[in-house]
Each structure stands twice: as structure tokens, then as C-alpha cells.
Amino acid sequence: MVTKLPVIAALTAQDILVASEPTWLQQWRQAAWQHVNESATPLWRRTDLTAYAFADMEFTANASASQLGSAIPAGVVVMPLSQAVQEHGELVKAHLGSAVASNASKYAALNAATWRDGWFVYVPKNHEATLPLHLVLGFGAANTIVARNLIVLERGAQLSLIEQFAGDGGPFAVVASELILGDGATLKYVSMQTWGAKIHHMGHQVAKVGNDATIVWTAVNTGAAHQHVDAETNLVGNGSRVDWMAATVAGDGQRLLTAPWLRHVGRATEAHMDFKTVVKGSGYATFDGMIKIEGGSTDTITRLEEHALHLSPQARSDSIPGLKIDTNNVQKAGHASTSGEVDDEQLFYMQARGIPKFDAVHMIVMGFFESVLDRIPLDTLREQVTADIAARI
Amino acid sequence: MELVIRDLHANIGDKEILKGVNLTVTPGTIHAIMGPNGSGKSTLSNTIMGHPAYTVTQGEVWYKGQNVLELPVDERAKLGLFLAFQYPVSIPGVTVANFLRAAINAHRSVAGKDTRETAIPMAQYRKDIREKMAALGVDDGFARRYLNDGFSGGEKKRIEILQMSMLKPSMAIMDETDSGLDIDALKVVSQGVNALLSQNPEMGVLVITHYQRLLNYIKPDRVSVMMEGRIVREGGPELALELEERGYDFIREEVFGNGN
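Criteria and thresholds
- Residues numbered from 1 in each chain as written.
- Chains lettered and ligands numbered in written order.
- Predicted model: local features only at pLDDT ≥ 70, side-chain atom pairs only at ≥ 80, totals over all residues.
- Helix = DSSP H or I, 4+ residues; strand = E, 2+ residues; numbered from the N terminus.
- Rg over C-alpha atoms; globule rule 2.2 N^0.38 Å.
- Buried ≥ 20, exposed ≤ 12 C-beta atoms within 10 Å, placed from the backbone.
- Contact = placed C-beta atoms within 7 Å.
- Pairing = 2+ DSSP bridges.
- Axes fitted to C-alpha atoms, helices over the stretch in contact; angles between N-to-C directions.
- Nonpolar A, V, L, I, M, F, W, Y, C, P; charged D, E, K, R; others polar.
- Parallel < 35°, antiparallel > 145°, perpendicular 65-115°, else oblique.
- Left-handed = near helix turned anticlockwise from the far one by under 90°.
- Domains from an automatic or database assignment.

Peer 1: Which residues make up the overall build of chain B, and what are the values?
Peer 2: Counting its secondary structure elements, chain B contains nine helices and twelve strands. Its C-alpha atoms give chain B a radius of gyration of 19 Å, within 12% of the compact-globule value 18 Å for 260 residues. The buried share of chain B, reckoned over its 260 residues, is 41%. Counting contacts in chain B only where the partners sit at least 6 residues apart, residues at least 24 apart contribute 71% of the total.

Given below as C-alpha cells:
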């Protein structure tokens, strides 16, 4: 007997609260819920929001279906965020919402108001976690997962983290990831959207990077029917850096959008972005990016590359890169972009060595992604994802 | 087996570049094609191999009992044809070692047989590539580098010859292999080709070059001169020397007359 769950559109301000949570968090949820109800539906021209209708999204208090894909690295606190609220209340209070603002969008607000799932990861000051941590999020009882991951690295801490959305179910995922890097911290962050083919994925990811801290961010997007991800690196600290790569594969019926924002705020900040996309069949991928160099940011180095390969005539990719500079002290700013079919000269060269066309295309595409996939720190996971992509090309 | 080119016409777009090429390359010989820039030399080599930018409008290219123009590019390679490119492309993300192994395994593959059965054993492959790289003075590290990615002109040409010596074609076409090479690199590359020839005496080689210089190191048995999309003169090695001395103009005058 299946119990009918309420949908988000039918919830009241009381329904979203968790009785055991402290007052500050209840108030925080209420404020976010107010924003959900008062804010307009975003005008996202390339994302069809009827695929994310509140009237279709079921809500349940115990939706959790998350698990760990690895052991917990020694010295690192890893637990469900709801448990951390009880056990590390002050830390959660200090950081929750500090990266992904509840008023960033209606969906960010929805996540803040109604999250029940997600992880808390805390690396203490100067602690260097050596083994990678693998968080896996999946669907449980409801057709909707609202998950929030809060990742905090104190000053000088180091962590290699994989955050993976995997499996079937749903179809609605509304997720937020907050990544807070203290001064001198280093986070290697691999975010993998490898959902089943029917999922609608709405994500907010924001990294706040302290003085001389570095985030090495690798995004892999291969699953879902729809994806809308607002991803932001906020180089707040002086000397902060991001090395940001992405591999996106949109095949038949998939519409995958990533909107990366890069903010240079501190002095002498450095960013390298390299986003790679392959579209096939009726697949459609969008890169809707913005680099913003704020007034106080001097000696900035920023470089954006985006490349798209089209494996079929119907496949489509849009690229809308933006650059806004409010300082006159930029050291280097560069942009390169390509889009098109697999290069005829490369194909001819490989075929001239006896490699059949099908295999040649395959090798070229896998080579295209090599530098991105190479950054997945767990061998089995890397091989699995590589094989999955290879099978789909 | 001979490579026989009969009345070959080829276009790039609407422009006819090859205007009836007739040529026979005999196994076990080195056959040089010389000609000024724009005479159609590179078009000839690309057309034989099947470059998609060129359209054959007339003619045949026979090798081992097949009109190779009817075969896909990779089948031409498996038949034993090899093109050493004038401008080898880079393929980021694909290492020299992986690329060459895929090429060798493609050559070894047999229709209807599992490729795992026909593939070259890893240990043998590693030994082969190491030996061949050492012989060509290519550093070990190149095996792990992405193919031609950031390679110098000389490095690219050495890798072309490395591929040739690993794939052991029966008919090799070398398209302006000397271009962009300094004299030391030219010697190394030529030694590589000559070593391969001494191991495979039945190999035919079609050497396409603008200058006689390369032919000091890879000695031709036959020399054909190409102009305006046709072979206009054939002779022995002495023809190359004569061209070196007198340039192409005297042949142009003989073939097309003074007013051309």
C-alpha cells in the first residue's frame, strides 16, 4: 500500500519545520519559505521550469537515501547534515547559507526551506585528509530529493571530495552544495551528476575560497533528462585560486545546462576554467557562464576555455560566456571557445593508420575528456564513468 | 605488388588539381615525385589515401588487386598503404603509445574474430615500441605524451617514421617528409626509412619532395616530375640531379612551351 505524499505546492509554513531543530534554524527555514512564496519564478530562457513544478514534487520528512561510497578519512567529521545540526550546532549555524544564499533563486530558497537530506563534512584546522571521501546521494521514498551538503575546511585543511548524484527514481532533485574554504585550505572537489535518464536535476553549488586557498573543481555531468546547475566560485580571499574543469555529455533527449559564475573579489586571484561538452543525438547542452572581476580585485589572472563537440547534426550546444571587469588592474584575462564536429583532419589521420571511423571518433572523444576524467581520484569510479561515457558515444 | 595509378583526376571543391596522373610504383623500389609548389604532389598522396576534401572525378588506383579508391580510408591502410603526413595533426588526450597500439591492433584485426585474440600482447608491444623509439632517437617519455601535441616539426616527423616502422607497410608514401627538418633531423629520419627498407626489401616507397636534398639520403630508383596535375617526365636518379642544377623551368618550357 503506497501512502500518498503531499506535494510541495500544498505545504504550509508549519509543514516544512522539523520539531527537533533549534530555533535559529526554524527561523532560517521560515525566512527561506517566505522567499519561496514571494519570489517570482526565474526567467531562465534555456530551462523549462515546467519540468520542475512544485505541484508535482512530493515531500516527505524521511526521504534520505544517501550513503558513503568510501571510508571516512581519518580526522574528518562526516555525517548527515541533520545530525550535525544536533551534534555540531555552532559550526552548522556559522556556515549554513553562507555560500548558497537562500534568496539566490526560488529554487535555492526551496532547498533552504525544505532540505531533509545531505551531508556535513568538516576538516579541522591544518588537517590533511589523504584518502578521498565519496558521498553518494540518491532517491528514497518520495519522488523528490531536497539535499544540502555543507563542506567546511578550516584554515590550512586539505580534502579530496567526490559528491555524486546517482541512480534512478525521482524524478526531481533540488540540491545545494556549500563549499567553504578557510585560509590556505585546499579542496579537490569532484561533483558528478550521473543520475538515471529520467531525472530532473536542479542544483546550486557555491564555493567560497579564503586567502591563499585553492579549489580544484571537476564537474562531470552525464545523467538526467534535465539539468539546471548554478555553480559559483567566489574567490574572496587574496591569492585564492580555482582550477575548474567540466565534462558534460548530453545524449538523446537530454537538456543539460550549467551556469558557472566566477567572481574575482580578492587581490591576486587566479582562475582557470576548462569546460568540455559532447552532444549527441537530440542532446542539448548549454554553457551560460559569467566571469566577474570586482573593483577591489587587482593583479587578477583569469582564463576561460570552453569546447563543444557535436556528434550528430541535430545535437545542439549553446555557449553564452560573459566577462564583466570592474577593475583596471587585470594581469591576464583570456577566453577561447570552439564548437563543431569531430575534426576531419584528425579522423583522416587516424583512419589512415587503419583505425576504423567508429573507433577513431571514440578515441578522439575520450581523448577530449581525458584531462577532466583523469582528475577523479578513485580508480574504480573513474573507470566506471569512463566506460559509461564510452558506451554512450 | 605494384601500385598503379591510371588517369587520375581529382578536385578540391570545383577546382581540378589532378588532371590525369599515370604512375606505377614497383615493389622494392624508391620512386621520387618531384615538382614545384602547387603542382599537385600533396593532392596525389592525399587522394591515394582518401582524404575527404578531395573528390576523384576520374581514374583508378590499383593495389593488390583492388581499386583502392573504392575502399574506406582505414581499409586502404590495412591493405598496406601508409602515408607519412606533411603536417601530422595533434590529437589531445590520446597518447602516442595508445594511438599506435590501436593502429597496430586495427591492422591485426580479422573479420569475425574477437579483437582480444588478435591484439598484440602488451609485453611484445612495449618491447617493440621501445626498440623502435631508441633507434629513431626518440625519448621514452614520448610514448606517454599526447600525439603530436606540442611536438616540434622534427619530433612530429620522427613519430611519423616511428609509426611507419611499427606498422610495416608494403607501400609507403612520404609527403614532403623533409619539410621543416634541419639536416640532423633529416639524417635521422632517412636512416629510419633506410633501416626499414633493408628489413623489408619488398616495400615500395613513393617519396614526394620539392627539393633534391632528401634524395641525397633516400636514394631513388625512379624519378617522376609532376607539373600542373600531371606526370610530365620520368627518369632515373640523374633526373633529380638535373633538376637540382637547372630548376623546373627547363622542363616547363619543354612541356608547355615558352609562351606558357
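Still to come is the rest of the account.
Peer 1: Describe the sheet that holds strand β6 (residues 81–84) of chain B, and please don't skip the residues or the numbers.
Peer 2: All names here are of chain B. Read across the open sheet, the six strands follow the order β6-β9-β10-β3-β11-β12; overall the sheet is mixed. Edge strands, defined here as strands with exactly one partner in the open sheet, are β6 and β12 (230–235). Mean inter-strand twist for the sheet, computed between neighbouring axes without regard to direction, equals 20 degrees. Note: β6 against strand β9 (residues 171–175), four bridges, orientation parallel. Note on β9: the bridge partner recorded for Leu83 is Ile173. The sheet contacts of helix α6 (residues 153–167) involve β6 and β9, and relative to β6 the element is tilted by about 165 degrees. Contacts from helix α9 (residues 249–256) reach β11 (222–227) and β12, with the element oriented near 70 degrees to β11.

Peer 1: Outline the interface of chain A and chain B, listing residues and values.
Peer 2: Facing 20 residues of chain A, the contacting portion of chain B comprises 21 residues. When residues of the side of chain A that touches chain B are traced back to their parent elements, those giving at least two are α5 (344–351) and α6 (357–373) of chain A. Top element by residues in the side of chain A that touches chain B is α6 of chain A. It accounts for nine residues. Classifying every residue of the side of chain A that touches chain B gives nine nonpolar, five polar and six charged.

Peer 1: Explain the packing of α6 of chain A against helix α7 (residues 379–392) of chain A residue by residue, including any values.
Peer 2: All names here are of chain A. α7 packs onto α6 with a crossing angle of 150 degrees between their chain directions and a minimal axis gap of 11 Å. Classified by the interaxial angle, the pair formed by α6 and α7 is roughly antiparallel. Considering only the axes of α6 and α7, their crossing is right-handed. Across the interface between the two elements, His362, Met366, Phe369 and Leu373 from α6 touch Arg382, Val385, Thr386, Ile389 and Ala390 from α7. Per-class residue counts for the contact of α6 with α7 are six nonpolar, two polar and one charged.

Peer 1: Go over the sheet that holds strand β6 (residues 158–167) of chain A, please, and point to the residues and values.
Peer 2: All names here are of chain A. A sheet is described by the order of its strands in space; here nine strands give the open sequence β1-β4-β6-β8-β10-β12-β14-β17-β20, paired in mixed fashion. The open sheet terminates on both sides in strands that have one partner only, identified here as β1 (67–68) and β20 (330–341). One ladder, built from five bridges, connects strand β4 (residues 133–137) with β6; its direction is parallel. Residue pairing in the sheet places His134 in a bridge with Ile162 of β6. Along the sheet, α6 makes contact with β10 (214–221), β12 (241–250), β14 (270–279) and β17 (300–310), crossing β12 at roughly 145 degrees.

Peer 1: Mind laying out the domain arrangement of chain A, listing which residues take part and the relevant values?
Peer 2: For an interface, size is often stated in terms of accessible area lost upon the parts coming together. All names here are of chain A. Taken domain by domain, chain A consists of domain 1 (8–342) and domain 2 (343–393). Here domain 1 and domain 2 have C-alpha centroids that lie 27 Å from each other. Each partner contributes residues to the interface: domain 1 has 22 residues there, and domain 2 has 21 residues. At the level of elements, β6, β8 (186–195), β10, β12 and β14 are the ones that each hand at least two residues to the side of domain 1 that touches domain 2. Top element by residues in the side of domain 1 that touches domain 2 is β12. It accounts for four residues. A per-class count over the side of domain 1 that touches domain 2 returns twelve nonpolar, seven polar and three charged.

Peer 1: I'd like a rundown of the packing of α6 of chain B against helix α7 (residues 183–199) of chain B, residues and numbers included.
Peer 2: The packing of two helices is summarised by the inter-axis angle and the distance between the axes. Residues and elements named next belong to chain B. Here α6 crosses α7 at 5 degrees, and the two axes come no closer than 10 Å. In terms of orientation, α6 lies roughly parallel with respect to α7. Taking contact as the criterion, the partners of Gly154, Lys157, Arg158, Ile161, Met164 and Ser165 in α6 are, on α7, Ala185, Val188, Val189, Gly192, Val193 and Leu196.

Peer 1: How would you explain the pairing of strand β16 (residues 290–293) of chain A if you had to name every residue and give the values?
Peer 2: All names here are of chain A. Taking every second residue as pointing to the same face, the buried face of β16 carries Ile291 and Ile293, while none of Met290 and Lys292 on the other face is buried. Sheet topology places strand β13 (residues 255–264) next to β16; four bridges connect them, and they run parallel. Within β16, the residue paired with Arg263 across the bridge is Lys292. The pairing of β16 with strand β19 (residues 322–325) spans four bridges and is classified as parallel. By the bridge assignment, Ile291 is partnered in β19 with Leu323.

Peer 1: A description of unusual backbone geometry should follow, citing residues and the corresponding values.
Peer 2: The phi torsion at Ala224 of chain A lies on the positive side, around 75 degrees, for a residue other than glycine. Checked against the element boundaries, Ala224 of chain A lands in the loop between β10 and β11 (226–235). The phi torsion at Lys168 of chain B lies on the positive side, around 45 degrees, for a residue other than glycine. Here Lys168 of chain B is to be found in the loop between α6 and β9. A residue is classified by how many C-beta atoms lie within 10 Å of it, and Lys168 of chain B, with 15 of them, is partly exposed.

Peer 1: Tell me about the environment of Thr130 of chain A, and name the residues and values.
Peer 2: All names here are of chain A. Tracing the chain through its elements places Thr130 in the loop between β3 (119–123) and β4. Here Thr130 falls in the exposed class, since 10 other C-beta atoms lie within 10 Å of it. C-alpha of Thr130 to C-alpha of Leu159: the two residues are 29 residues apart in sequence and 7.0 Å apart in space.

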